[in-house]
Amino acid sequence: MEAKGENPKITESLEAVKAGNQEAYRLIIREFKSPAYSIAFRILRNAEDAEEVVQDSFLRAYKKIHQFKGDSKFASWFLKIVYNQSLTKVKKKKISTLEINDEIDTYDRHNNFNLDGWNMIIQEEREKYVRQALGKLPDDDALVLSLYYISGNSVPEICEITGWTQSSTKVKLYRARQKVYASLFSILKFEMKSLI
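These notes cover the structure that comes with them. (Residues numbered from 1 in each chain as written. Predicted model: local features only at pLDDT ≥ 70, side-chain atom pairs only at ≥ 80, totals over all residues. Heavy atoms only, no water.)

## Observations concerning the nonpolar core
Item 1. Among the nonpolar cores identified, the biggest contains 48 residues, and Phe32, Phe74, Phe78, Val82 and Leu145 are the most heavily contacted of them.
Item 2. Listing elements by their share of this core, those giving two or more residues are helix H1 (8–18), helix H2 (25–44), helix H3 (47–63), helix H4 (74–93), helix H6 (123–135), helix H7 (139–150), helix H8 (155–162) and helix H9 (166–195).
Item 3. Looking at which element gives the most residues to this core, the answer is H4, with 9 residues.
Item 4. Phe74 has contacts with Glu6, Ile10, Leu14, Ile28, Phe32, Ile65 and Phe68, leaving out every residue within four places of it along the chain. (Core = buried A, V, L, I, M, F, W, Y, C linked by side-chain atoms within 4.5 Å. Buried < 20%, exposed > 50% of the residue type's maximum accessible area, 1.4 Å probe, protein only. Helix = DSSP H or I, 4+ residues; strand = E, 2+ residues; numbered from the N terminus. Contact = heavy atoms within 4.5 Å.)

## Some words on the pattern of salt bridges
Item 1. In the structure shown here, the tally under the stated rule is 6 salt bridges.
Item 2. Close ionic contact of Arg26 with Glu23 constitutes a salt bridge, the shortest N to O distance being 2.7 Å.
Item 3. Given the relative accessible area of 48%, Arg26 is considered partly exposed.
Item 4. The residue Glu157 makes a salt bridge to Lys73 at a minimum N-O spacing of 3.5 Å. Taken together, the residues span a long stretch of sequence, with Glu157 in helix H8 and Lys73 in the loop between H3 and H4 at a distance of 84 residues. (Salt bridge = Lys/Arg side-chain N within 4 Å of Asp/Glu carboxyl O.)

## Describing the environment of Leu147
Item 1. As for its position among the elements, Leu147 is in helix H7.
Item 2. On the basis of relative accessibility, which here comes to 0%, the residue Leu147 falls in the buried class.
Item 3. Beyond its immediate sequence surroundings of up to four residues, Leu147 is in contact with Ile39, Gly152, Asn153, Ile158, Ile161 and Thr162.

## Focus on the packing of H1 against H2
The description of two packed helices rests on the angle between their axes and on the distance between the axes.
Item 1. Put simply, H1 and H2 touch, their axes get as near as 8 Å, and they point 135° apart. When the axes of H1 and H2 are compared, the pair comes out oblique. Considering how the two elements wind past one another, H1 and H2 form a crossing that is left-handed. Only Tyr25, Leu27, Ile28, Glu31 and Phe32 of H2 make contact with H1, whose side of the interface consists of Lys9, Ile10, Ser13, Leu14 and Val17.
Item 2. A per-class count over the contact of H1 with H2 returns 7 nonpolar, 1 polar and 2 charged. (Axes fitted to C-alpha atoms, helices over the stretch in contact; angles between N-to-C directions. Parallel < 35°, antiparallel > 145°, perpendicular 65-115°, else oblique. Left-handed = near helix turned anticlockwise from the far one by under 90°. Nonpolar A, V, L, I, M, F, W, Y, C, P; charged D, E, K, R; others polar.)

## Topic: the packing of aromatic side chains
Item 1. Following the criterion strictly, the structure yields 11 aromatic pairs and no others.
Item 2. Judged by centre distance (5.5 Å) and plane angle (40°), the ring pair of Phe74 and Trp77 falls under tilted. Placement of both Phe74 and Trp77 in helix H4 is noted, with a separation of 3 residues, approximately one turn of the helix. This pair shows no difference in class: Phe74 is buried, exactly as Trp77 is.
Item 3. When the centroid spacing of 6.5 Å and the interplanar angle of 85° are considered together, the rings of Tyr83 and Trp164 count as edge-to-face. Of this pair, Tyr83 sits in helix H4 while Trp164 sits in the loop between H8 and H9, and the two are 81 residues apart along the sequence. Just as Tyr83 is buried, Trp164 falls in that class too.
Item 4. Among the aromatic residues, ring-to-ring pairing joins Tyr25, Phe32, Phe58, Tyr62, Phe68, Phe74, Trp77 and Phe78 into one connected group. (Phe/Tyr/Trp six-rings, centres within 6.5 Å; stacked < 30°, edge-to-face > 60°.)

See below:
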């Protein structure tokens, strides 16, 4: 069974792996290495731990590949493994993670954001500012934005990966957007002052 919207190359590789072709797994690793690392790093905030979780997750997925039935996209199934492995690592290391701030930032700074200036900034600079803004967010906020915008997962896929409800995911996504707008506004305001 093939999940709706699944990349045909991924489906073909999965079938080859299930048939015993270990080399076909390389395409899957290349395809999902970056989003997997992004999720693990957002949760663990440590490059070595994130790399270890990604390796463990690929190994676990390979061993359990026959359990993947295609009811959902492979990305959702695999990234859920990464998410759960990351949380397990956090618990083992007893890392205290930040909780979501339940208060909505009512100051609507994104309406005051100067889009003309933003459009003039070259792509590389934009990415630098977005990374800085994401780095200032609580873990769940950075994670939901990474899953949605960077990895391109839909809200239902994020729910499947994280175990959050759809309404909770939408609220988290909305609040995280508000926070990243505020963070970008603050960063760019500081940059402008330092240039003057």
